[in-house]
Amino acid sequence: MAKVSFSHQVEHLVNLDLIQPDENRKIAQNENLVTFTGRFREALSSEAAERFRYLELLENRHELTAEKERLEKELAVLQKNIADSARFFLEITGLPVPSRGFFVVSPLYDTPEKNFQIVILEKPKSETVSLKELKDRFQHLKSAGSFESAETLKSFANDLRVSIELFQSSKLGIGQDSLKELLRSQKEKLVRDGDLPLNGKIELYAGVLKALDEVVSELLQSGSNATLLPLRSVRSYLEDLQAYSELAVNLENSEALLNKARASVAQVSWFFNNKELSLKELESTDAESYKRWFLEAKKEWLDFNSNKALAFKAPDQERNTVLDKTFKSQ
């Protein structure tokens, strides 16, 4: 005997044309229960293959659409995070904003449906001492000989340390190990400057400022139509944009295949969770409900090889729409 034990399995057997319609029988046991019997086909029909192919492609479209929606949400979050990081970068460096704006991600990534470019149009208000201000101050103090004051030295060293910490902060989010190590080493040098003579401290501060300039230059290097590439958020954003682009192509191909498959099953009535649905109604069902239903259908499809040509009998099962409509009463 074939492995059919429950009435809900019959939905998939009928939908997928796996059983012989002229052998479908049911016997009422009481108002709600029936015993049903039938027999599997000896081989898969071309119609069965077309029906399963359609259901499979519909599930594939649901999966790709869900992934597209997930990526769009993730990209929106990253877009905001990158814009915040870019403003913070401009704030702590003191760099001017070009007349056309400071582009982090090029408009080349935009699509007809979505804008993925990231551009800062206005210089952010500074709430801290910028690197540019520190460099200007250093040159002024050095030329004026004002570093002779211990208080001035201490204040400048403290502001320099704060500047390094701002570059290290999660608000900027540098992910490149070489830059993180460079910043860490410069901060350690400042911690150990207490025993240095005046000239040694001035030389140290000049070296730290130079190292911070190197960090800024590395951050400003562009590639893949973007800048600030050493930031974790920018790298993640570009990876997601690549995945989104590939997904759009896959979704377009999937839609074309689904359109072709749809034509071959346009007249089929589908039994779905104890309801009889048209093709349009089936396609508009909730994706999660469809997924659970399709996985059950797929199991029946895969079990066909072990069930083909065999009879089945399921006693005392709840009657449902497909039994009422496609099984003859006895």
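The structure this text deals with has already been given above.
Each helix and strand in the protein was counted, giving 10 helices and 8 strands. Taking the principal axes of the C-alpha coordinates as reference, the protein spans close to 110 × 40 × 35 Å. A total of 330 residues make up the protein; the buried ones form 41% of that total. Expressed as a percentage of contacts within the protein between residues at least 6 apart in sequence, the contacts between residues at least 24 apart total 73%.

The residue Thr93 is located in helix 2 (residues 46–93) in this model. At 3.3 Å, the side chain of Thr93 and the backbone nitrogen of Leu95 are in polar contact.

On to the environment of Trp301. Relative to the assigned elements, Trp301 resides in helix 9 (residues 287–307). Trp301 gets classed as buried once you look at its relative accessible area, which sits at 15%. In this structure, the C-alpha to C-alpha distance between Trp301 and Ala48, residues 253 residues apart in sequence, is 9.3 Å. If near-sequence neighbours (up to four positions away) are discounted, Trp301 is found in contact with Leu16, Leu18, Leu44, Ala48, Ala49 and Phe52.

All right, on to the sheet that holds strand 2 (residues 33–39) then. If you walk across this open sheet you meet the 4 strands as 7-2-1-8, and the pairing is mixed. Only two strands of the sheet have a single neighbouring strand rather than two, namely strand 7 (311–318) and strand 8 (328–329). Bridging between strand 1 (residues 25–28) and strand 2 involves 4 bridges; their strand directions are antiparallel. The partner of Lys26 across the bridge, within strand 2, is Phe36.

Our focus in this paragraph is the pattern of salt bridges. In this structure the tally under the stated criterion is 24 salt bridges. Note that Arg161 is salt-bridged to Glu165, the shortest N-O span being 2.9 Å. Here the residue Arg161 and the residue Glu165 both occupy positions in helix 4 (residues 150–168), the gap between them amounting to 4 residues, near one helical turn. Take Arg161: its relative accessible area is 28%, and that puts it in the partly exposed class. Note on Glu165: relative accessible area 29%, which makes it partly exposed. Note that Arg319 and Asp324 form a salt bridge whose closest N and O atoms lie 3.1 Å from each other.

Applying the stated criterion across every chain yields a total of 14 aromatic pairs. Aromatic side chains Phe89 and Phe102 sit 6.2 Å apart centroid to centroid with 25° between the ring planes, which places their arrangement in the stacked category. One end of the pair, Phe89, is in helix 2; the other, Phe102, is in strand 3 (residues 102–105), and 13 residues separate them in sequence. Taken as a pair, Phe89 and Phe102 share a single burial class, namely buried. Between Phe138 and Phe156, the aromatic rings sit 5.7 Å apart at their centres with planes inclined by 35°, giving tilted as the arrangement. Remark: Phe156 occurs in helix 4 and Phe138 occurs in helix 3 (residues 131–144); sequence separation between them is 18 residues.

Trans is the prevailing form of peptide bonds, just as negative phi is the prevailing case for residues other than glycine. For Asn225, which is not glycine, the phi dihedral falls at a positive 60°. Tracing the sequence through the fold places Asn225 in the loop between helix 6 (198–220) and helix 7 (232–264). Located in the positive-phi region is Leu228, a residue other than glycine, with phi close to 55°. Tracing the backbone shows Leu228 in the loop between helix 6 and helix 7. Residue class for Leu228 comes out buried when judged on its relative accessible area of 0%.

Each regular strand shows side chains that alternate between the opposite faces of the sheet. What sits between the antiparallel neighbours strand 1 and strand 2 is a turn of 4 residues. Pairing of strand 2 with strand 7 involves 6 bridges; the strand directions are antiparallel. Residue pairing across strands places Thr37 opposite Lys313, the latter belonging to strand 7.

Close contact between helix 2 and helix 7 brings their axes to 8 Å; oriented N to C, the two are set at 155°. By the angle between their axes, helix 2 is roughly antiparallel relative to helix 7. Note that helix 2 runs across helix 7; the crossing there is left-handed. Residue classes in the contact of helix 2 with helix 7 are distributed as 18 nonpolar, 9 polar and 10 charged.

On to the side chain of Ser254, then. If you trace the backbone, Ser254 turns up in helix 7. You can call Ser254 buried: its relative accessible area is 3%. Contacts of Ser254, omitting those with residues within four sequence positions, involve Leu57, Asn60, Arg61 and Leu64.

Rules used throughout
- Residues numbered from 1 in each chain as written.
- Predicted model: local features only at pLDDT ≥ 70, side-chain atom pairs only at ≥ 80, totals over all residues.
- Heavy atoms only, no water.
- Helix = DSSP H or I, 4+ residues; strand = E, 2+ residues; numbered from the N terminus.
- Buried < 20%, exposed > 50% of the residue type's maximum accessible area, 1.4 Å probe, protein only.
- Contact = heavy atoms within 4.5 Å.
- Polar contact = N/O pair within 3.5 Å; in protein donor to acceptor, adjacent residues only side chain to side chain.
- Pairing = 2+ DSSP bridges.
- Salt bridge = Lys/Arg side-chain N within 4 Å of Asp/Glu carboxyl O.
- Phe/Tyr/Trp six-rings, centres within 6.5 Å; stacked < 30°, edge-to-face > 60°.
- Axes fitted to C-alpha atoms, helices over the stretch in contact; angles between N-to-C directions.
- Parallel < 35°, antiparallel > 145°, perpendicular 65-115°, else oblique.
- Left-handed = near helix turned anticlockwise from the far one by under 90°.
- Nonpolar A, V, L, I, M, F, W, Y, C, P; charged D, E, K, R; others polar.

Take it as geometry only, folks, not as evidence of what the structure does.
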